[in-house]
Amino acid sequence: GAIKPVVTFTPNWGNIIFYDNVTLTCDVPSTVPEEPRTYHWYKDSRPIPGDQQRLHIIRSSVEEDRGDYQCRTIGGDISDPVFLDVTINFVILQRPPSVIYEGDPLTLRCHHLIFFDEINTKFYKDDQEIKSSESDSTFHIPYITMSQSGLYKCTKQIHHNDLPNVHEHSDVSFISVKGKLKSYIKLYP
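In this text the structure is predicted, and so the values were computed from the model without any measurement.

Enquirer: Explain unusual backbone geometry here, please?
Expert: Most peptide bonds take the trans form, and the phi angle of most residues other than glycine is negative. The residue after Thr10, namely Pro11, is reached through a cis peptide bond having omega -5°. If you trace the backbone, Pro11 turns up in the loop between strand S1 (6-10) and strand S2 (15-17). Residues other than glycine seldom take positive phi values, yet Tyr19 does so here, at roughly 85°. Along the chain, Tyr19 falls in the loop between S2 and strand S3 (22-27). A positive phi angle is found at Arg59, which is not glycine, with a value near 50°. Secondary-structure assignment places Arg59 in the loop between strand S6 (54-57) and helix H1 (62-65). Its relative accessible area of 56% is what places Arg59 among the exposed residues.

Enquirer: Teacher, can you tell me more about the state of the cysteines here?
Expert: Linking two cysteines covalently through their sulfur atoms gives a disulfide. Under the definition given, this model contains two disulfides. Paired by a disulfide, Cys26 and Cys71 hold their sulfur atoms 2.1 Å apart. Taking the sign of the S-S torsion, 85° for the link of Cys26 and Cys71, the bridge is right-handed. Of this pair, Cys26 sits in strand S3 while Cys71 sits in strand S7 (residues 67-73), and the two are 45 residues apart along the sequence. The pair formed by Cys26 and Cys71 is uniform in burial state, with each residue classed as buried. The disulfide partner of Cys110 is Cys154, and the gap between their sulfur atoms is 2.2 Å. Between Cys110 and Cys154, the disulfide has an S-S torsion of 80° and is therefore right-handed. Placement of Cys110 in strand S11 (residues 106-112) and of Cys154 in strand S15 (residues 150-159) is noted, with a sequence separation of 44 residues between them. By the burial criterion, Cys110 is buried, and Cys154 matches it.

About the criteria used
- Residues numbered from 1 in each chain as written.
- Predicted model: local features only at pLDDT ≥ 70, side-chain atom pairs only at ≥ 80, totals over all residues.
- Heavy atoms only, no water.
- Helix = DSSP H or I, 4+ residues; strand = E, 2+ residues; numbered from the N terminus.
- Buried < 20%, exposed > 50% of the residue type's maximum accessible area, 1.4 Å probe, protein only.
- Disulfide = S-S within 2.5 Å.

Below you can see the structure in the form of structure tokens.
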């Protein structure tokens, strides 16, 4: 059978703010050398014009770009759908689009609308502050455990160059960590 391709995002966030750019790539696992391929893209099960491996979304909009994306190659299976969430907001807590498994590294980013400057970022888990930084908008967990599932939130103070006011905005996301299937079966001759 054909090998199912996988849709990946660059940068690797499953949620973005309108006006952000993102590139979707149709990754086809293959052991044979890369031959010229024709790609087909779908958004919410409807075909998207074009036949390239990468789909560039420039200055994203909620109406046009939010949805489930899939790809396939000629004669190949269609990928599983990957959801791109585009929101209208000043600040969002960004997370990878894929499922988070125990033992995986996890990076969260407190991201703000491009027209603003940031002053301070704070991260919270279940309303307890876990990080504060003047300049670093990311929070990294090198090896996540199931007990680290919970409600994560970030707050950020942002301002516009022309305006003296500083406003604090926040966003909340439930992070669910799945257990890995453990395989203890050993085969002995």
